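One letter stands for each residue in the lines below.
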Amino acid sequence: MLGAGSDSEDVIQEAFVKAYRKLSRYRGESSFRSWLLAIVANETRNLHRSRGRRDGLVLRAATANPTSEITEDGAVSAVLAGERRAALVQALRQLPVRDREVIVCRFFLDLTEEETVAALGWPRGTVKSRTSRALAKLRGLLDREEVRHG
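In this text the structure is predicted, and so the values were computed from the model without any measurement. (Residues numbered from 1 in each chain as written. Predicted model: local features only at pLDDT ≥ 70, side-chain atom pairs only at ≥ 80, totals over all residues. Heavy atoms only, no water.)

Caption draft 1: Examining the pattern of salt bridges more closely. Scanning all chains against the criterion turns up seven salt bridges. Close ionic contact of Asp99 with Lys137 constitutes a salt bridge, the shortest N to O distance being 2.8 Å. Of the two residues, Asp99 is situated in helix 4 (residues 97-108) and Lys137 in helix 6 (residues 124-149); the sequence distance between them amounts to 38 residues. Where salt bridges share partners, they join Asp99, Arg130 and Lys137 into one cluster. (Salt bridge = Lys/Arg side-chain N within 4 Å of Asp/Glu carboxyl O. Helix = DSSP H or I, 4+ residues; strand = E, 2+ residues; numbered from the N terminus.)

Now the structure itself:
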């Protein structure tokens, strides 16, 4: 979700290795989950910096696995859900990197505000304001997409 794409397994493995090595530095000020996710987020940022593709986070949408038992209405619903998912991913890709990061943390990873603060290393006020602004931008992009496609 943070954009490691096909390298996500490598990023996660590197994050676990770093977490293991730095376990003594875990102070317990935040949850272990948010501490570990902060390491994963930093590793992802390092990957992007090393590639020079800082502004190109890649989000992978879940793919529907249709079965033969799907009714016609179910198939139509699956197609529409896939189109909505694709529109959401396209709109997310248009957001600035920091806006994407906060949306991914808050809504895709379902982190609390406090966990997002710890994961991104931003002040609480920044997380609140950026979340609000990012959602407004995302709504605007999705509204334009809706108008464009009727």
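Caption draft 2: Spatial organisation of the side chain of Glu115. Tracing the sequence through the fold places Glu115 in helix 5 (residues 113-120). Those residues in contact with Glu115 that sit more than four places away from it in its chain are Ser31, Arg33 and Ser34. (Contact = heavy atoms within 4.5 Å.)

Caption draft 3: Local environment of the nonpolar core. Judged by nonpolar contacts, the single largest core of 15 residues is most densely connected at Leu95, Val102, Ile103 and Leu138. Of all the secondary-structure elements, those providing two or more residues to this core are helix 3 (72-94), helix 4, helix 5 and helix 6. For this core, the leading source of residues is helix 6, giving four residues. Ignoring anything within four residues of it in the chain, the contact list for Ile103 reads Leu92, Leu95, Phe108, Ala134, Leu135 and Leu138. (Core = buried A, V, L, I, M, F, W, Y, C linked by side-chain atoms within 4.5 Å. Buried < 20%, exposed > 50% of the residue type's maximum accessible area, 1.4 Å probe, protein only.)

Caption draft 4: Seen up close, helix 1 (residues 8-21). The terminal C-alpha atoms of helix 1, which comprises 14 residues, lie 20 Å apart, in line with the 20 Å expected from a rise of 1.5 Å per residue. What helix 1 keeps buried is the set Val11, Ala15 and Ala19. End-on, the buried residues of helix 1 take up no more than an arc of 70°, which puts them together on one face. Among the exposed residues of helix 1, those oriented more than 90 degrees off its buried face are Glu9, Asp10, Gln13, Tyr20 and Arg21. (Expected span 1.5 Å × (residues − 1). Arc of directions from axis to C-beta.)

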